[in-house]
Amino acid sequence: MKTLTISILSDLHFDSHFSTSAIGITESMVRNVFDPIFKTQADVLIIAGDLGHYNNQIRQTIKWFRKFYFKHIICVLGNHDYYLVNRIMIDDYETSFNRVTELRKQLSEIDGVHCLDGNVVEIEGVRFGGCDSWYDGQYLLHNLNPHYEHDLDYVNKSWPYWINDKANIYGVNRFDDIWEIERPKIEAVYQQCDVMITHIMPSINPAHVAEYFRDSRGTAYFCFDGEKYVKDTTAKIWVYGHTHTPNEFELHGVRVIANQLGYRGEARKSQVEEKIIEIEVKNERDD
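Residues numbered from 1 in each chain as written. Predicted model: local features only at pLDDT ≥ 70, side-chain atom pairs only at ≥ 80, totals over all residues. Heavy atoms only, no water.

If you had to explain the nonpolar core to someone new, which residues and values would you point to?
Ranked by internal contacts, the top residues of the largest apolar core, which has 70 residues, are Leu9, Phe14, Phe34, Phe38, Ile62, Phe65 and Leu107. Residue contacts for Ile62: discarding those within four places in its chain leaves Phe14, Ile47, Leu51, Ile73, Leu107, Ile110 and Val113. By size, the runner-up hydrophobic cluster in this structure holds 21 residues, among which are Leu116, Val121, Val195 and Ile279. (Core = buried A, V, L, I, M, F, W, Y, C linked by side-chain atoms within 4.5 Å. Buried < 20%, exposed > 50% of the residue type's maximum accessible area, 1.4 Å probe, protein only. Contact = heavy atoms within 4.5 Å.)

Go over helix H2 (residues 27–34), please, and point to the residues and values.
Within the span of H2, buried status applies to Val30, Val33 and Phe34. Angular distribution of buried residues about the axis of H2 spans 80°; they occupy a single face of the element. Packed against the buried residues of H2 are helix H1 (14–17) and helix H3 (55–68). (Helix = DSSP H or I, 4+ residues; strand = E, 2+ residues; numbered from the N terminus. Arc of directions from axis to C-beta.)

For helix H9 (residues 177–189), give the residues involved together with the corresponding values.
For H9, the full list of buried residues reads Ile178, Trp179, Glu182, Lys185, Ile186 and Val189. Buried residues along H9 sit against helix H5 (96–108), strand E5 (119–123), strand E6 (126–130), strand E7 (195–197) and helix H10 (227–232).

I'd like a rundown of the environment of Phe70, residues and numbers included.
Along the chain, the position of Phe70 falls in the loop between H3 and strand E3 (72–76). For Phe70, a relative accessible area of 2% puts it in the buried group. Sequence separation between Phe70 and Thr40 is 30 residues, and the spatial gap between their C-alpha atoms is 9.8 Å. Beyond its immediate sequence surroundings of up to four residues, Phe70 is in contact with Ser7, Phe38, Ala42, Val44, Leu45, Phe65 and Glu274.

Mind laying out the packing of aromatic side chains, listing which residues take part and the relevant values?
Under the criterion given, the structure shown has 21 aromatic pairs. Between Phe14 and Phe18, the aromatic rings sit 6.3 Å apart at their centres with planes inclined by 20°, giving stacked as the arrangement. Residue Phe14 shares its accessibility class with Phe18, and that shared class is buried. Seen in terms of ring centroids, Phe68 and Tyr69 are 6.4 Å apart; in terms of plane orientation they differ by 65°. Their pairing is edge-to-face. On the accessibility criterion, Tyr69 (7% relative accessible area) is buried. Members of the aromatic cluster, joined through ring pairs, are Phe14, Phe18, Phe34, Phe38, Trp64, Phe65, Phe68, Tyr69 and Phe70. (Phe/Tyr/Trp six-rings, centres within 6.5 Å; stacked < 30°, edge-to-face > 60°.)

Describe in detail the side chain of His17, supporting the description with residues and values.
In this structure, His17 sits in helix H1. Under the relative-accessibility criterion, His17 is labelled buried at 14%.

Shown next as structure tokens:
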């Protein structure tokens, strides 16, 4: 029986590790950062969002990834991939959705690269499904401050104090606007795949949150209540990012995995390990 080898590494934040210039992402720059991490010649790389702030830089770096490391790359986008971080970007794109549309197109033009957006791609018999997803605020409503009720308006008012999304994402009014866009995409694929990918963690169980953040209201913007999806998914593996905290747990028989690089200031290449999973692929004669 054949085995498909998959490497997991998200929250790459290329602009944190390289110059913000879209020009001059060289082979040596990429290999200096990623050779110590990508030690296994895996068949597929999964990136669960947050590639960076600049589309051209992302495109160039992913091309190097394809040349040196991986035959197939599957990604979703994260909140930072929606950011317009300067006046030039705001003038050029006007809304974050225009930037995202351009980025998806640029990535899709690279052979072997798939940027999932509520769809499924099959590679050597393994079906990968996914979308960006988003946070829904339910962690705060269910787990914190039990003596009084928080509603979603309160979560929205607190939003800019805990995460930079409101200041850098253009074209949204509320914290959950993108959740309403992404939820149907989750529902379109979670029962159609073997591996599910979202940028946001699909659990609001405090046991699945790093201990330091369990009592933080800010955790409301780092997960969504996805238990019903995990419970009924066809996937055996669910990959997420966003938290910058590598993690793994089992939920309803599904192996939920996060492995993030993070910003240059918080990541240490010697401490970041490649996360490898293997999936057995049935041959037609095995059926």
